[in-house]
Amino acid sequence: MHGLGNDFIIIDQRQNQITLPTEAIRRLANRKRGIGCDQLVVMEASEKADVFMRIYNADGGEVGACGNATRCVAHIVMKEQNTEQCTIETVSGILECKMEGDHAVTVNMGAPRLSWQNIPLSQEMDTMALSVQMAGLEPPLAVNIGNPHCIFIVDNVETAPLEQIGPVMEKHPLFPERTNVELIQVLEPRKLRVRVWERGCGVTESCGTGACASLVAAVRKGLCRRNAEIILDGGSLSIEWRREDDHILMTGPIAYVFEGAV
């Protein structure tokens, strides 16, 4: 499945649990010698929600959140149960999901984490302006949406060197768990253009948590409304950061590619 080109191998292990060593995940994720994906997602039984979703990046490392994958898994579960709502448990918490027509889903991503301890950063720092020097760029912001994000506000995301910035920041000592990296350009108060470097993957066409983090960063800087369209390489997501409970709602499409057995 994929969400705006952010693609996933989704393995259903709710009945039969199997071991997936890191090397096996890397082989499956390899686009030349395996199936190919940005993330491998495992559906497991849950006592707290309709399903437990475990997420691995293409390099085999487990991560706490993936917004686009959440929509895809939610769609599978809601179709199975013939319902309009479901809950998904992740290592970062339980997410509430709602069907939006035949091929779109809204996910309540919860509240963003903004303190330096919760990103997490390796030292105390203002998350509105990290003490990081990248040539020609203003200091980035940091936001955690179940996983860490480092966000640069730029004049033009099409010409900014994401391929150079991404790998440097992903493994910067300031981020002990590594980080995703976003470059954002404010087009209008309700429209942002965003490009993403995902930790363990590289440049991806879309990132749901990255879209959420980008909106939060732009709002904190006073550059964007709390409800906006986020335009990624693979398409657009609608993101709302609610005032009443601080929760972020992400709405976007899902698509099935194929089913099979490995």
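All residue numbers refer to positions counted from 1 along the written sequence of the respective chain. With the structure being a predicted model, the display of local features is reserved for residues of pLDDT at least 70 and the display and counting of side-chain atom pairs for 80 or more, all residues being used for whole-chain, interface and lining totals. Only hydrogens and water are set aside when side-chain values are computed; all heavy atoms of the structure are taken into account.

**Section: the environment of Gly5**
Part 1: A run of H or I in DSSP counts as a helix once it spans at least four residues, and a run of E counts as a strand once it spans at least two, with each numbered from the N terminus. Relative to the elements of secondary structure, Gly5 occurs in the loop between β1 (2-3) and β2 (6-12).
Part 2: The spatial distance from the C-alpha of Gly5 to the C-alpha of Lys191 is 20 Å, given a sequence separation of 186 residues.
Part 3: Residue contacts are counted whenever heavy atoms from the two residues lie within 4.5 Å of one another. In this structure Gly5 touches Asp38 and Glu205, once residues within four positions along its chain are discounted.

**Some thoughts on the pairing of strand β4 (residues 51-57)**
Part 1: With 6 of 7 residues buried, β4 is to be regarded as a mostly interior element.
Part 2: In short, DSSP must find at least two bridges between two strands for them to pair. The antiparallel hairpin formed by strand β3 (residues 39-44) and β4 contains 6 residues in its connecting segment.
Part 3: As judged from the 2 bridges shared by β4 and strand β6 (residues 85-90), these two strands associate in the parallel manner. Paired with Val51 across the two strands is Ile88, which belongs to β6.
Part 4: Relative to strand β5 (residues 62-63), β4 runs antiparallel, the two sharing 2 bridges. Pairing of Ile55 across the sheet is with Val63, part of β5.
Part 5: In textbook terms, the turn of a hairpin is the stretch between consecutive antiparallel strands, and for β4 and β5 this stretch comprises 4 residues, one of which, Gly60, has a positive phi near 95 degrees. The classification of residues rests on relative accessible area computed with a 1.4 Å probe and restricted to protein chains. Under 20% of the type maximum is buried, over 50% is exposed, and intermediate values are partly exposed.

**A look at the nonpolar core**
Part 1: Ranked by size, the top nonpolar core spans 52 residues in total, and within it Val73, Ile88, Leu215, Ile230, Leu232, Ile239 and Ile248 carry the most contacts.
Part 2: By residue number, the principal contributor to this core is helix α4 (residues 208-220), which donates 8 residues.
Part 3: The residues touching Val73, leaving out its near neighbours within four places in the chain, are Ile10, Val41, Met43, Val51, Met53 and Ile88.
Part 4: Counting 20 residues, the second largest nonpolar core, distinct from the first, contains Ile119, Val154, Ala160 and Leu162. Among buried residues, those of type Ala, Val, Leu, Ile, Met, Phe, Trp, Tyr and Cys that are joined through side-chain atoms within 4.5 Å constitute a nonpolar core.

**Regarding the packing of aromatic side chains**
Part 1: A pair of aromatic rings is counted whenever rings of Phe, Tyr or Trp (Trp by its six-membered ring) have centres within 6.5 Å, and the orientation is called stacked for planes under 30 degrees apart, edge-to-face for over 60 and tilted otherwise. Per the stated rule, a full pass over the model turns up 0 aromatic pairs.
Part 2: Note on criteria: charge over ring means Lys NZ or Arg CZ within 6 Å of the ring centre, with the direction from the centre no more than 35 degrees off the ring normal. Stacked on the ring of Trp241, the Lys or Arg Arg226 has its end atom at 4.2 Å from the ring centre.

**A word on empty space enclosed by the protein**
The gaps left among the atoms become clear once a water-sized probe is rolled over them.
Part 1: Every definition here rests on a 1 Å grid over the protein atoms only: cavities are sets of points where a 1.4 Å probe fits but cannot get out, pockets are open sets enclosed by protein on both sides within 12 Å along at least five of seven lines, and lining residues have some atom within 4 Å of a point. Grid points are joined across faces, edges and corners, and a volume is the space filled by probe spheres set on the points. Under the defined criterion, the tally for this structure stands at 1 cavity of 30 Å³ or more.
Part 2: Estimates place the volume of the largest cavity at around 80 Å³.
Part 3: Looking at the largest cavity, it is lined by 15 residues, and the ones nearest its centre are Gln39, Ala65, Asn147, Asn180 and Glu198.
Part 4: Counting residues per element, the ones that place at least two in the lining of the largest cavity are α2 (67-81) and α4.

**A look at helix α1 (residues 22-29)**
Part 1: Of all the positions in α1, only Ala24, Ile25, Leu28 and Ala29 are classed as buried. End-on, the buried residues of α1 take up no more than an arc of 130 degrees, which puts them together on one face.
Part 2: In this fold, the buried residues of α1 make contact with β2, β3 and β4. As used here, the arc is the angular range of directions from the helix axis to the C-beta atoms.

**Notes on the pattern of salt bridges**
Part 1: Each salt bridge in this description consists of a side-chain nitrogen of Lys or Arg and a carboxyl oxygen of Asp or Glu lying within 4 Å of one another. Counted under the stated rule, the structure contains 16 salt bridges.
Part 2: Where Arg178 meets Asp59, a salt bridge forms, and the shortest distance between an N and an O atom there is 3.1 Å. On the criterion of sequence distance, the pair formed by Arg178 in the loop between α3 (162-170) and β11 (180-188) and Asp59 in the loop between β4 and β5 is long-range, its members being 119 residues apart.
Part 3: Owing to a relative accessible area of 23%, Asp59 belongs among the partly exposed residues under this scheme.
Part 4: A single network of salt bridges, built from pairs that share partners, joins Glu158, Glu163, Arg193, Arg195 and Asp233.

**Some words on a nonpolar patch on the surface**
Part 1: Each patch is built from residues that are more than 30% exposed by relative accessible area and take part in no salt bridge. Like charges join if they lie within 9 Å; nonpolar side chains (Val, Leu, Ile, Met, Phe, Trp, Tyr) join within 5 Å. Note that accessible areas follow from Shrake-Rupley with a 1.4 Å probe, and for residues the cover is restricted to the protein chains shown. On the surface, Ile35, Val257, Phe258 and Val262 cluster together into a nonpolar patch covering about 460 Å² of accessible area.
Part 2: Relative to the elements of secondary structure, Phe258 occurs in the segment after β16 (248-253).

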